[in-house]
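Residues per chain are reported as follows:
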Amino acid sequence: MTTDLTTHTSPNAASRVEIPGFRGELIEPGDAGYDAARAVYNGAIDRYPRLVARCVDAADVMAAVRAARAADLTIAVRGGGHNAGGLGVWDDALVVDLTPMRSVHVDPAERLVRVDGGAVWGDVDHATHPFGLAVPSGFISSTGVGGLTLGGGIGYLSRQFGLTIDSLLAVDVVLSDGTLVTADADRRPDLFWAVRGGGGNFGVVTSFTFGAHPVRTVAAGPMFFDAARGAEVLRAWDELLDSASESLNGWFGFLSVPAVDDFPADLRGRTVAAIMWCHNGPLAEARQLLAPLRDLDPLLDGVGEVPWPALQSIFDPLFPAGLQWYWRTDFVDELTDEAIAVHLEHGTELPSPQSTMHLYPVSGAAGRVPAGATAYAHRQAKYAQVIVGVDPDPAKLASVASWARDYHDALHPHSVGGGYVNMMMDDEGLDRVRASYRDNFARLVEVKRRYDPDNTFHINQNIPPDAIS
């Protein structure tokens, strides 16, 4: 019996690993590019895989999965590398690295976009923007299409067009036996249901087909208020979104104004209560919609006309790859007085310039989808909440992580339980995963048993096939 994973000795290298028929690059410990290949967005992650298989097509993915199974190697799957817990790499694992697979094809007449599994959202925006189209995505253009989509996909367009998964029409998936299948509403509908929010539990998605929406230039930008007015601003923002057109969206956060030339010198480094607005419509209309917040006399009103790709990439230079991150997330139904008091206590005391708290609206179109229609279960939640301790210095990770934990622990009693799986760390446990899927968990376990009964794909927010559902 032969296996797909073989070792040979060459004059130039000892004990090399090969995957027969593999066309991409294989990178092992000791290779010149190994440290770069194992690095992910979160610089706090420092893992040492056995092999990084940089795939160039679906055939490479199939070969890599079969080889890992034959050699009894753990499989980690890497797309864009932004996962909070750094789950695109794992110690002693074979990393199925999709990052070379970044092709995007747009059919403007049908408003269809086919995206390879290693693409990032900047690739999609680059391809769709000339046609006046966009696929609902997140907030940073270097985020991977695969990771964001499989966890749900919350972003600026969620209130108008739903989550990213609500525009997903089909996927190609390499299953645990190395076969490639297509899943959509008609073919393997149970698998298609599960990948829309269930993460990477069911296979390696090598391509996504989305429906696109008319988006070209948006009215977008920040409003900053004195942090001490955070309660007043939070309530006004919450009230406005309850009644505003769904073309208007905006996340709220406590943040430190970046020390860059884009902002007035007297605001740089100041902790503020901020709203980052996005209106998919004319600037004049946005100004009318935002009048209640503009009447509160912000320190800065930076809302203006912005091409969609520019909005999506505005935070990229402020949060480059390699920073130290610690994440905590929850879903929120309402902003109670008690919760707002916690926000004022912790959110105004940021431990570093890049640490922050954000509340992302998931109402409107995203909230009208029935909770059981996709694996993503928290359709009733009004906001997804994320608290991140961030610093470039590894020596400061413990302090920013402690701030994030304390803030989250104080807020969690005011949440609905569970969290956004894309923003969960790698140590949160099965009970937390179960709470994140609510009544959908039992069905996810059944789909897992059918498509991955051996739990081959477990380096994720895992849904074990033997879980008691």
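Keep in mind it's a predicted model, so treat the numbers as computed, not measured.

Here is what the cut-offs are and how they apply
- Residues numbered from 1 in each chain as written.
- Predicted model: local features only at pLDDT ≥ 70, side-chain atom pairs only at ≥ 80, totals over all residues.
- Heavy atoms only, no water.
- Helix = DSSP H or I, 4+ residues; strand = E, 2+ residues; numbered from the N terminus.
- Expected span 1.5 Å × (residues − 1).
- Buried < 20%, exposed > 50% of the residue type's maximum accessible area, 1.4 Å probe, protein only.
- Polar contact = N/O pair within 3.5 Å; in protein donor to acceptor, adjacent residues only side chain to side chain.
- pLDDT = per-residue confidence, 0-100.
- Contact = heavy atoms within 4.5 Å.
- Phe/Tyr/Trp six-rings, centres within 6.5 Å; stacked < 30°, edge-to-face > 60°.
- Lys NZ or Arg CZ within 6 Å of the ring centre and 35° of its normal.
- Pairing = 2+ DSSP bridges.
- Salt bridge = Lys/Arg side-chain N within 4 Å of Asp/Glu carboxyl O.
- Axes fitted to C-alpha atoms, helices over the stretch in contact; angles between N-to-C directions.

**Looking at helix H2 (residues 58–70)**
With 13 residues, H2 ought to run about 18 Å at 1.5 Å a step, and its terminal C-alpha atoms sit 18 Å apart, in line with that. The complete set of buried residues in H2 reads Ala-58, Asp-60, Val-61, Met-62, Ala-63, Ala-64, Val-65, Ala-67 and Ala-68. Sitting at the amino-terminal end of H2 is Asp-57, which places a side-chain oxygen 3.3 Å from the backbone nitrogen of Ala-59. Count one or two residues on from H2 and you reach Asp-72, which has phi positive near 60 degrees.

**A look at the confidence of the model for the chain**
Confidence in the prediction for the chain averages 95 pLDDT; 97% of positions are at 70 or higher. Long-range and interchain partners of residues 1–14, a stretch whose pLDDT sits below 50, account for 23 contacts in this model, where long-range means more than four residues apart.

**Points about the packing of aromatic side chains**
By convention here, two paired aromatic rings are described through the distance between centres and the angle between planes. Enumeration according to the criterion identifies 16 aromatic pairs in this entry. With 5.5 Å between their ring centres and 40 degrees between their planes, Phe-224 and Phe-263 make a pair best called tilted. On the criterion of sequence distance, the pair formed by Phe-224 in strand S14 (residues 217–226) and Phe-263 in the loop between strand S15 (248–256) and strand S16 (271–279) is long-range, its members being 39 residues apart. Each member of the pair, Phe-224 together with Phe-263, is buried. Ring geometry for Phe-319 versus Trp-325: centroids 5.6 Å apart, planes at 45 degrees, classification tilted. Of the two residues, Phe-319 and Trp-325, neither departs from the other in class, the shared state being buried. Each member of the aromatic cluster is reached from another via a ring pair, and the members are Phe-139, Tyr-156, Trp-251, Trp-308, Phe-315 and Tyr-360. A cation over a ring is seen here: Arg-443 above Trp-193, with NZ or CZ 3.9 Å from the ring centre.

**As for the environment of Asp-166**
When you line up the elements, Asp-166 lands in the loop between helix H5 (158–161) and strand S10 (168–174). Counting along the chain gives 17 residues from Asp-166 to Thr-149, while the straight-line C-alpha distance between them is 9.5 Å. Excluding its chain neighbours within four sequence positions, the residues that come into contact with Asp-166 are Phe-161, Ala-366, Val-369, Thr-374 and Arg-379. There is a polar contact of 2.8 Å between the side chain of Asp-166 and the backbone nitrogen of Leu-163. Of note is the side chain of Asp-166, whose polar atom sits 2.8 Å from the side chain of Arg-379.

**Structural notes on helix H7 (residues 230–243)**
Over its 14 residues, H7 extends 21 Å from the first C-alpha to the last, a length consistent with the 20 Å expected when each residue adds 1.5 Å. Listing the buried residues of H7 in full gives Gly-230, Ala-231, Val-233, Leu-234, Ala-236, Trp-237, Asp-238, Leu-240 and Leu-241.

**Observations regarding the side chain of Thr-356**
Turning to its location among the elements, Thr-356 is positioned in strand S20 (residues 356–361). Judged by its relative accessible area of 5%, Thr-356 is buried. For Thr-356, the side chain forms a polar contact with the main-chain oxygen of Phe-254, separated by 2.7 Å. A polar contact of 3.2 Å, which involves the side chain of Thr-356, links it to the side chain of His-358.

**A closer look at the pairing of S15**
Most of S15 is tucked away: nine of the nine residues are buried. Here S15 shows two buried faces, one formed by Leu-248, Gly-250, Phe-252, Phe-254 and Ser-256 and the other by Asn-249, Trp-251, Gly-253 and Leu-255. For S15 and S16, the ladder comprises nine bridges, and the chain directions are antiparallel. Paired with Asn-249 across the two strands is Cys-278, which belongs to S16. Bridge analysis of S15 against S20 gives three bridges, and the strand direction is antiparallel. When the bridges of S20 are listed, Phe-252 appears paired with Leu-359.

**Side note on the pattern of salt bridges**
Summed over all chains, the structure comprises 27 salt bridges. The partner of Arg-450 in a salt bridge is Asp-190, with the nearest N and O atoms 2.8 Å apart. With Arg-450 in helix H15 (residues 441–451) and Asp-190 in helix H6 (residues 189–195), the pair connects residues that are 260 residues apart, well separated along the chain. Take Arg-450: its relative accessible area is 58%, and that puts it in the exposed class. Ionic pairing is found between Arg-294 and Asp-301, a salt bridge with its closest N-O pair at 3.2 Å. Taking the relative accessible area as the measure of exposure, Arg-294 reaches 36% and is therefore partly exposed. Beyond isolated ion pairs, a larger network of salt bridges with shared partners links Arg-328, Asp-330, Glu-428 and Arg-432.

**Some details on the sheet that holds S10**
The strands making up a sheet associate through backbone hydrogen bonding, with each pair oriented either parallel or antiparallel. Spatial strand order, S7-S8-S12-S10-S11: five strands in an open sheet with antiparallel pairing. Edge positions in the sheet fall to strand S7 (104–107) and strand S11 (180–184), since each has one partner strand and no second. In this sheet, neighbouring strand axes are inclined to one another by 15 degrees on average, regardless of whether the strands run parallel or antiparallel. Bridge count between S10 and strand S12 (residues 204–211): six bridges; the pairing is antiparallel. Within S12, the residue paired with Asp-172 across the bridge is Ser-207. Across the sheet, helix H3 (residues 121–128) touches S7, strand S8 (112–116) and S12, and the angle it forms with S7 is around 35 degrees.

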